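Examination of the molecular architecture
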Amino acid sequence: MLHSTENNEDDTMTAPSAMPQEQQAAPSPSASSQSPSLFRAMFARGTPMLWVPSGYFAMALTYMMLTSVTSIMFKNLGMDNGQAAQYASYLILAYTIKPLFAPFVEMYRTKKFFVLCAQLIIGVGFAGVALAMSLPDYMVIMVFLFGILSLVGATQDIASDGVYVTSLDSKTQSLFCGIQSLSWNIGPIVASGGMVYLSGWLHTHYFHHQAGVFGPEWIESWRIIFFIVAAITIVAALWHMRVMPDGAKAENAPTSVAEAAFILKDSFATFFQKRDVWLMVAFAFVFRLSIGLLEKIGPFFMVDPVAQGGLGLSNEMLGLIYGTYGLIAVLLGSLLGGIFVARRGLPATLFVLCCAVNIPNVTFLLMSIYQPDSLLVISAGVAVEKFFFGFGSVGFMIYLMQQLAPGKYTTTHYAFGTGLMGLCMMVTGVVSGHLQQALGYVHYFWLVMAATIPSFLVTWFAPFHHKD
């Protein structure tokens, strides 16, 4: 099963449990009752509604806080664009490589055990970040803690997906797929929308600092934010301790490190034996190249002063525009994009979807040239870009599922594909801030438009070897 995420605040879908398909267990007998409808399943005794929404919300909240919200926080605390984008992008790495350590998670205890441990560590870790902000060298300690939390967060994803896949039969999984996706997408609304908005409100209205000035004065606001996130995560862990099932043990699960390593090695070998695999690898890596360059710099552009080429928005407006209007546009675009592909087929629509992802990036170029001060115009520009991103990205995920993933290790190979996409987002994120500082916003957004060309090329030549 898939859940809405990956990889960045723009993602509405990500990799499923990164275990080989053959290793995923049949659901436990206690979970195999036939639920005739979602309505009945929602109110049945021991319903997955008790833990699916909260589990996927907790996953999304952690991911978005680490890989998206941190970049805004670094910017607020006085980092330049290069450093802020670079440090936040490094935190994507653990989520990118999680297929490599997923088999090892399968070896020990129960999946619920890993979920609870991960959520408790994440809660304590975010509280530690808040406390560390009072120390003289807080930035070094904070970045180190974020790195640890990203590894733990990736483990939470693996274990939570495992509980979902092995505790529910296929019919119940299908019934709750929409609930699962909706719950995950509430995470970005709360993190990139609510938490960013609240940081700005606290900074200006509670601590009475000037909104457009970046520096240590922002510590007070962000300390409260991390305490809030810590509390939410710990409450989620305590709740899941009561209501989450253990998750069944996977059939043929590795019993030793050597066996897990062999499975991982075999999945890599079979992956690179696929026909035209390098064209598909190029597609997975390059399709979202321009989005990777835009992801971190777009919000920086919104909050930078007008004199520096930005739009001079506050954190409150950034949270409202990006975390609310922008995300709603992504979700609506994803829905309509899925309908478009279902009706016309992927081979006939993939290039159109690539155009939808890349061409609307021109809205940021236009905003950098004219620097509008109308919130309506700015919101519309972001919403247009996000809507078409959501519309087109559906094709990318379906291509991975239908063309790259099929084979001996379907789920793992799908995870490899999304991992390549995550690697692209990390690499482009690391360099994006430094490039923007060197070029300025107008020339940088011209570079973003030029970066769409490789996406068009790999999409045009993307092979189709499996039935649509």
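Located above this text is the structure these notes cover.
Residues numbered from 1 in each chain as written. Predicted model: local features only at pLDDT ≥ 70, side-chain atom pairs only at ≥ 80, totals over all residues. Heavy atoms only, no water.

1. Concerning the packing of helix H9 (residues 177–206) against helix H15 (residues 315–344)
What counts here: Convention adopted: a line fitted to C-alpha atoms gives each axis, helices being fitted over their contacting stretch, and angles between N-to-C directions are expressed from 0 to 180 degrees. Elements are defined by DSSP. Helices are runs of H or I of four residues or more, strands are runs of E of two residues or more, and each kind is numbered from the N terminus. Angles below 35 degrees are treated as roughly parallel, those above 145 as roughly antiparallel, those between 65 and 115 as roughly perpendicular, and all remaining angles as oblique. Two helices cross in a left-handed way if the nearer one is turned anticlockwise from the farther one by less than a right angle. They cross in a right-handed way if the turn is clockwise. Every residue pair with non-hydrogen atoms within 4.5 Å of one another is taken to be in contact. Each residue gets one of three labels, nonpolar for Ala, Val, Leu, Ile, Met, Phe, Trp, Tyr, Cys and Pro, charged for Asp, Glu, Lys and Arg, and polar for the others, Gly among them.
Two elements in contact, H9 and H15, have axes separated by 7 Å at closest approach and are oriented at 165°. With respect to H15, the axis of H9 lies roughly antiparallel. Considering the relative orientation of H9 and H15, their crossing is left-handed. Contacts between H9 and H15 involve Asn-185, Pro-188, Ile-189, Ser-192, Gly-193, Val-196, Tyr-197, Ser-199, Gly-200, Trp-201, Thr-204 and His-205 from the first element and Asn-315, Glu-316, Leu-318, Gly-319, Gly-323, Leu-327 and Leu-331 from the second. Looking at the contact of H9 with H15 residue by residue, the classes come out as eight nonpolar, 10 polar and one charged.

2. Looking at unusual backbone geometry
For clarity, the threshold we go by: Note on exposure labels: buried denotes an accessible area under 20% of the residue type's maximum, exposed denotes more than 50%, and partly exposed covers the range between, all computed with a 1.4 Å probe on protein chains only.
The phi dihedral of His-208 is positive, around 60°, even though this residue is not glycine. Among the secondary structure elements, His-208 is positioned in the loop between H9 and helix H10 (219–243). The exposure class assigned to His-208 is exposed, which follows from its relative accessible area of 63%. For Asp-276, which is not glycine, the phi torsion reads 55° and is therefore positive. Of note, Asp-276 is situated in the loop between helix H11 (257–271) and helix H12 (277–286).

3. Quick word on the side chain of Thr-459
The condition that has to hold: In protein, a polar contact requires one atom able to donate a hydrogen and another able to accept it; more generally it is a pair of N or O atoms within 3.5 Å, and residues adjacent in sequence count only if both atoms are side-chain atoms.
Its place among the elements puts Thr-459 in helix H20 (residues 452–460). Note on Thr-459: relative accessible area 5%, which makes it buried. A polar atom in the side chain of Thr-459 sits 2.7 Å from the backbone oxygen of Ser-455. In this structure Thr-459 touches Phe-283, Phe-287, Leu-350, Phe-351 and Cys-354, once residues within four positions along its chain are discounted.

4. Details of the side chain of His-240
Of note, His-240 is situated in helix H10. In this structure the side chain of His-240 is engaged in a polar contact, spanning 2.6 Å, whose partner is the side chain of Ser-54. Apart from residues no more than four positions distant in its own chain, His-240 is found in contact with Trp-51, Ser-54, Gly-55, Lys-112, Leu-116 and Gln-119.

5. A short note on the environment of Val-165
Tracing the sequence through the fold places Val-165 in helix H7 (residues 138–167). Through-space distance from the C-alpha of Val-165 to that of Gly-247 is 8.1 Å; in sequence the pair is 82 residues apart.

6. Some thoughts on the packing of aromatic side chains
Basically, it comes down to this: Ring geometry is summarised as follows: Phe, Tyr and Trp rings, the Trp one being its six-membered ring, pair when their centres sit within 6.5 Å, and such pairs are stacked at plane angles under 30 degrees, edge-to-face over 60 and tilted between the two. Criterion for a charge above a ring: Lys NZ or Arg CZ within 6 Å of the ring centre, and within 35 degrees of the ring normal.
Here the structure, examined in full by the defined rule, presents 30 aromatic pairs. An aromatic cluster of three or more residues is present, and its members are Phe-74, Tyr-87, Phe-126, Phe-146, Trp-222 and Phe-226. Sitting over the face of the ring of Phe-300, Lys-75 holds its NZ or CZ atom 5.6 Å from the ring centroid.

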